Amino acid sequence: MEPSTGMFYVPQTMGTVLCCKCGISMPPNAVNMCVNCLRSEVNITEGLQKIVSIFHCPDCDSYLQPPRTWIKAQLESKDLLTFCVKRLKDLSKVRLVHAEFIWTEPHSKRIKVKLRVQQEVYNGAVLEDAYVVEYMVKDQLCESCSRVQANPDQWVAAVQLRQHVSHRRTFFYLEQLILKHDAANHAIRIKQMDEGIDFFFNNRSHGVKFIEFLRKVSPIRSRDDKKLVSHDPKSNHFNYKYTFSVEISPICREDLIWLPNKAANSLGNLGPLVICSKVSNYIALLDPFTLRHSRLDADQYWRYSFRPLLSSKQLVEYIVLDVEPVSSEVNIEGLRYLLADVQVARVSDFGRNDIKFDVRTHLGHLLNPGDYALGYDLYGANSNDIEMDNYRGHYLPDVILIKKSYEEKRQKKRGKPRSWKLKSLPMEVDSSAKGKDGDVKENSEYEQFLRDLEENPDMRFGISLYSNEEYRNAEVVSVSDADDVPSVPLAELLADLDLSDEEEDAMEG
């Protein structure tokens, strides 16, 4: 009797019956037969495929889905499991409950999948059983890879990426974005050319997809053309080669720009003397004297199509003599700025003359007396920009400061490895396009790109940086030196894993 209700509780018991075959006691079912005897009478896996042959392309790691579709899938992945199950033709006779891989040696050319299925047998009784399907992997090159093997220079679509500037810093950054998003995974060949890079694809759709990626990360314009390679009049089949010409805007970060009259009016009379603070799928412009800012998308830029007045290769080093803040600090496009009146002098003038410049700058939050800064020397520059003729009488400052300089402090760390490194695309280099000092110039530009990454966290946001093993083995710099020069925090670094080395070590062990 239960004390809470005061009523008698009768425990429920399940009745049992004897199996009609072996006589053991068991719970009753529709056929009055135990599971072991039922399986001896009925085999629901009989007639189902146990051995299946599949075709695998070793070059692109894809599998053939008949008749002509190739599917990319990694070993023991969800995509490969779905592909294997769909290759079973008679699986509709039973109900699939569960499927999983059974580990096999990666070089055995065998894939084993354990399937658990159910089927209704005598008088509505449902029987469940498990069995293993063995897939025999046969190597066969797909159409694209076989075409490449026959002739590596044979391509269907080529994307010619160009930027008409005197440096390659844009392509260094674009290369990291491509690696981050794996945008060039379908490229069969990548070649570095003068003022750009060429990407070759086996399919026109891959080239179009790559251009769409470029539109999302840089202000570009493109045009395409096609050339007839062959024609079969019986099947009315045409083979074309497609060429896409893509041009990146010549405006780069830290460039000094004199806006055309129409562009300045469309941006609310901005400038007209502005600097480029950021380049993505738009161009961010900043007035360093008022902190007014605006954006130009790709369509707007190519409508006006102007070039920079001065570029970063024309920066001059100044020493800061005095700083007087004018306004409070503001945040624009994720970057901090503070207006200040600064007195500077050219480093090259020290010991020669006493020329000083009083300028207004947006770098008041970074500069202190005694610091060094890089800026454009308009006092001694000779510009032939036609657009400047439309602004006769407009105030033109002697100096425009662009960024703080750490060159003197970097001298102490020269030759020491960084704690981080970048990966690179498998790219062929056109040696004929390089001049006599091409390697020296490119190395200098790449070093400047690495310094820009250290100084600008916003640039590091969209790319992947990896820890450098050489830095761990080298002598560690002192804390005081590390605090003076911008560096990449260790929290932003990724581990550089080499899976091939790990597999070899595991096999040797």
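Cut-offs and rules
- Residues numbered from 1 in each chain as written.
- Predicted model: local features only at pLDDT ≥ 70, side-chain atom pairs only at ≥ 80, totals over all residues.
- Heavy atoms only, no water.
- Salt bridge = Lys/Arg side-chain N within 4 Å of Asp/Glu carboxyl O.
- Helix = DSSP H or I, 4+ residues; strand = E, 2+ residues; numbered from the N terminus.
- Buried < 20%, exposed > 50% of the residue type's maximum accessible area, 1.4 Å probe, protein only.
- Phe/Tyr/Trp six-rings, centres within 6.5 Å; stacked < 30°, edge-to-face > 60°.
- Lys NZ or Arg CZ within 6 Å of the ring centre and 35° of its normal.
- Disulfide = S-S within 2.5 Å.
- Contact = heavy atoms within 4.5 Å.
- Pairing = 2+ DSSP bridges.
- Axes fitted to C-alpha atoms, helices over the stretch in contact; angles between N-to-C directions.
- Parallel < 35°, antiparallel > 145°, perpendicular 65-115°, else oblique.
- Left-handed = near helix turned anticlockwise from the far one by under 90°.
- Nonpolar A, V, L, I, M, F, W, Y, C, P; charged D, E, K, R; others polar.
- pLDDT = per-residue confidence, 0-100.

### A closer look at the pattern of salt bridges
Should the charged atoms of two oppositely charged side chains come close, the side chains can pair. Evaluation of the coordinates by the stated rule reveals 21 salt bridges. Lys 278 is the salt-bridge partner of Asp 458, the closest N and O atoms lying 3.5 Å from each other. Of this pair, Asp 458 sits in helix H10 (residues 457-460) while Lys 278 is found in strand S15 (residues 273-279), placing the two residues 180 residues apart along the sequence. Since its relative accessible area comes to 26%, Asp 458 is described here as partly exposed. When the shortest N-O distance is used, the salt bridge between Asp 377 and Arg 346 registers 2.7 Å. A residue pair is termed long-range when its members are at least 10 positions apart, and Asp 377 in strand S23 (residues 372-377) and Arg 346 in strand S21 (residues 340-346) qualify at 31 residues. Classification of Arg 346 as buried rests on a relative accessible area of 12%. When salt bridges with common partners are traced through the structure, they connect Arg 169, Arg 253, Glu 254, Lys 403 and Asp 452 into a single cluster.

### Notes on the packing of aromatic side chains
By the definition in use, this model includes twelve aromatic pairs. Ring geometry for Phe 199 against Phe 210: centres 4.5 Å apart, planes inclined by 45°, an arrangement best described as tilted. Of the two residues, Phe 199 is situated in strand S11 (residues 196-201) and Phe 210 in helix H5 (residues 204-217); the sequence distance between them amounts to eleven residues. Note on Phe 199: relative accessible area 1%, which makes it buried. Residues Phe 201 and Phe 210 carry aromatic rings whose centres are separated by 5.7 Å and whose planes lie at 45° to one another, so their mutual orientation is tilted. The cationic tip of Arg 189 hangs over the ring face of Phe 200; the distance from NZ or CZ to the ring centre is 5.3 Å. One Lys or Arg, Lys 423, reaches over the ring of Tyr 466 and ends 4.5 Å from the middle of that ring.

### Some points on the state of the cysteines
Tallied over the full model, the rule gives zero disulfides. Cysteine Cys 60 is unpaired, with the sulfur of Cys 57 as its nearest cysteine sulfur at 3.4 Å. Its sulfur unpaired, Cys 276 is 7.6 Å from the next cysteine sulfur, which belongs to Cys 252. For Cys 276, a relative accessible area of 2% translates into the label buried.

### Details of unusual backbone geometry
A cis amide bond links Pro 66 to the next residue, Pro 67, at an omega of 10°. If you trace the backbone, Pro 67 turns up in the loop between strand S4 (62-65) and strand S5 (69-72). For Asp 61, which is not glycine, the phi torsion reads 55° and is therefore positive. Relative to the helices and strands, Asp 61 resides in the loop between strand S3 (51-57) and S4. Even without a glycine there, the phi angle at Glu 195 is positive, about 65°. Position of Glu 195 among the secondary structure elements: in the loop between strand S10 (187-193) and S11.

### Quick notes on helix H2 (residues 78-86)
Leu 80, Leu 81, Phe 83, Cys 84 and Val 85 are the residues of H2 that are buried. Taken together, the buried residues of H2 touch S3, S4, S5, strand S6 (95-102), strand S7 (110-120) and strand S8 (126-139).

### Let's talk about the environment of Val 159
Mapped onto the elements, Val 159 comes out in strand S9 (residues 157-162). By relative accessible area, Val 159 is classed as buried at 0%. The sequence separation of Val 159 and Val 208 amounts to 49 residues, and the corresponding C-alpha distance is 8.8 Å. Those residues within four positions of Val 159 in sequence are excluded, and the remaining contacts are Ile 197, Asp 198, Phe 199, Phe 201, Gly 207, Phe 210, Ile 211, Phe 244 and Val 246.

### Quick notes on the sheet that holds strand S27 (residues 465-467)
Strand order in the open sheet formed by three strands is S25-S27-S28, and the pairing between neighbours is mixed. Taken across any chain shown, the strands that pair with only one partner, and hence form the sheet edges, are strand S25 (420-421) and strand S28 (493-494).

### A few points about the packing of helix H4 (residues 169-181) against H5
It is the contact of H4 with H5, at a shortest axis distance of 11 Å, that shows an interaxial angle of 120°. Comparing their axes, H5 and H4 come out oblique. The hand of the H4/H5 crossing is right-handed. Here Leu 174, Leu 177, Ile 178 and His 181 of H4 come into contact with H5, specifically with Phe 210, Phe 213, Leu 214 and Val 217. In terms of residue class, the contact of H4 with H5 is built from seven nonpolar, one polar and no charged.

### A closer look at the packing of H4 against helix H9 (residues 438-455)
Following both chains from N to C, one finds H4 and H9 inclined at 60°, their axes separated by 9 Å at the closest point. As summarised for this structure, H4 and H9 are arranged oblique, according to the angle between their axes. You can see that H4 and H9 cross each other, and the crossing is right-handed. Across the interface between the two elements, Arg 169, Phe 172, Tyr 173 and Gln 176 of H4 pack against Glu 442, Glu 445, Tyr 446, Gln 448, Phe 449 and Asp 452 of H9. The residue inventory of the contact of H4 with H9, partitioned by class, reads four nonpolar, two polar and four charged.

### Here's the deal with the confidence of the model for the protein
Scored by pLDDT, the protein has a mean of 83; 86% of the residues are at 70 or more. A low-confidence stretch, residues 475-482 (pLDDT under 50), is modelled with six contacts involving residues beyond four sequence positions or located in other chains. Contacts of residues 499-509 to residues separated by more than four positions or lying in other chains number two contacts, the stretch itself having pLDDT below 50.

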